[in-house]
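# Summary of the model geometry
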Amino acid sequence: MKRIAVWVFVLVATAVLLNSCSPQSAPPAAPEESANTPPPPTAPEGCRTFASTPDGDEATDQYVLYRDQMAIGDYDAAFPMWKYVYEKAPDADGQRNTVYTDGVRIYTHLFSQSKDTAEQRLFKDTVMAIYDASLSCYGKTPRDRALVNGMKAFDAYYTFGAFIDQGETFRLFESAFDSLGREVPAFIFNPFTALLVDRFLAGDLMLEEAREWAALLPALIADRKSELTDRQWLD
């Protein structure tokens with residue numbers, strides 16, 4: 001029993017350490033609530049860019065315009081233009097995943113403003129679908145996939161926790177560690193460690209697995225402490 005208490009203490013202490021040096025990522029100022037629920041975008045067909053879509057000129061113009069609106073925090077104005085770009089040329093110039101991450105930001109804002117459970121679930125599902133779409137075009141290497149899954153798990157834990165099973169979120173975090181090991185993105189340490197503690201105390205994590213994580217995480221965090229000040233996006 002004493003050995004179990006020691007491992008719980010190590011995990012809890014790790015969670016406390018991370019909480020003190022790795023702030024949660026706060027969303028930007030939310031737009032005013034729209035009168036109607038914005039529809040989810042149509043899933044893009046392949047990894048189309050401005051150069052490869054027949055509507056490339058218009059998509060380029062819409063991209064510039066919606067990015068200007070997002071820069072001033074007007075997500076309501078940005079939404080229809082972003083939706084057009086996402087459906088026509090989600091890969092923009094083929095060098096960045098900005099359209100995907102902007103979509104995550106827009107629908108996360110809509111989620112935060114909604115008081116309707118069914119609407120919130122729709123927005124959550126759309127965010128997860130956008131992450132999955134980004135994997136099809138920007139998940140070509142283990143590191144790329146780990147980063148996207150890490151961001152997806154981060155949002156699943158902090159923003160959509162009431163709508164996503166903890167086991168699913170835990171598996172997303174684990175996939176990032178499985179792909180990258182000690183090079184896993186540092187922004188997932190805080191939520192992953194907190195989830196480890198919750199799952200162990202709830203009996204959903206076996207002692208042996210908790211012991212393995214408790215042995216790995218403190219040294220890993222010490223090595224990467226300088227990276228724990230900001231959330232890392234891919235754009």
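Just above sits the structure.
The following paragraphs examine the structure supplied in this document. In this numbering scheme, every chain counts its residues from 1 along its sequence in written order. Where local features are concerned, this predicted model is filtered to residues with pLDDT of at least 70; where side-chain atom pairs are given and counted, the filter is 80 or more; whole-chain, interface and lining totals use all residues. Working from all heavy atoms in the structure, the side-chain values ignore hydrogens and water.

A helix here means a DSSP run of H or I that spans at least four residues, while a strand means a run of E at least two residues long, and both kinds are numbered starting from the N terminus. A count of helices and strands for the chain gives nine helices and zero strands. Counted from the first residue to the last, the chain has its helices and strands arranged as α-α-α-α-α-α-α-α-α. Buried means the residue's accessible area, taken with a 1.4 Å probe over protein chains only, is under 20% of the maximum for its type, while exposed means over 50%, and partly exposed covers the values in between. Going through the 235 residues of the chain one by one, you find that 47% of them count as buried. When checking whether two residues touch, look at their non-hydrogen atoms; a contact exists if any pair is within 4.5 Å. Sequence separation of 24 or more characterises 75% of the internal contacts of the chain that already satisfy a separation of 6 or more. Accessible surface area values rest on a Shrake-Rupley calculation with a 1.4 Å probe, where residue burial reflects the displayed protein chains alone. A total of about 11500 Å² of accessible surface is found on the chain, and carbon and sulfur atoms cover 53% of it.

Let us look at the nonpolar core. Core analysis: the largest hydrophobic core is formed by 59 residues, its most contacted members being Tyr66, Trp82, Val99, Tyr107, Phe177, Ile188 and Phe189. For this core, the elements supplying multiple residues, two or more each, are helix H2 (56-71), helix H3 (75-88), helix H4 (98-113), helix H5 (117-138), helix H6 (142-158), helix H7 (166-180), helix H8 (189-201) and helix H9 (207-223). Examining the composition of this core, we find that eight residues originate from one element, H5, more than from any other. The definition of a nonpolar core used throughout is a set of buried Ala, Val, Leu, Ile, Met, Phe, Trp, Tyr and Cys residues joined through side-chain atoms within 4.5 Å.

Note on placement: Thr49 falls in the loop between helix H1 (2-21) and H2. Setting aside residues up to four positions removed in sequence, Thr49 forms contacts with Ala89, Asp91, Ala92, Asp93 and Gly94.

Turning next to H4. Each residue after the first adds 1.5 Å to the expected span of a helix. In a regular helix each residue adds 1.5 Å, so 16 residues correspond to 22 Å; H4 covers 23 Å between its end C-alpha atoms and thus fits that length. Most of H4 sits inside the fold, with 13 of its 16 residues counted as buried.

With respect to the element layout, Lys88 can be found in helix H3. C-alpha of Lys88 to C-alpha of Glu58: the two residues are 30 residues apart in sequence and 9.3 Å apart in space. Pairs of N or O atoms are called polar contacts if they sit within 3.5 Å, as long as, within protein, a hydrogen donor faces a hydrogen acceptor (for residues adjacent in sequence, only side-chain-to-side-chain pairs). Polar contacts involving the side chain of Lys88 include one to the side chain of Asp55, which spans 3.4 Å.

Let us look at the environment of Ala210. When you line up the elements, Ala210 lands in helix H9. When its relative accessible area of 0% is taken as the criterion, Ala210 is described as buried. In the structure, Ala210 is positioned 14 residues away from Leu196 in sequence and 7.5 Å away in space, judged by C-alpha atoms.

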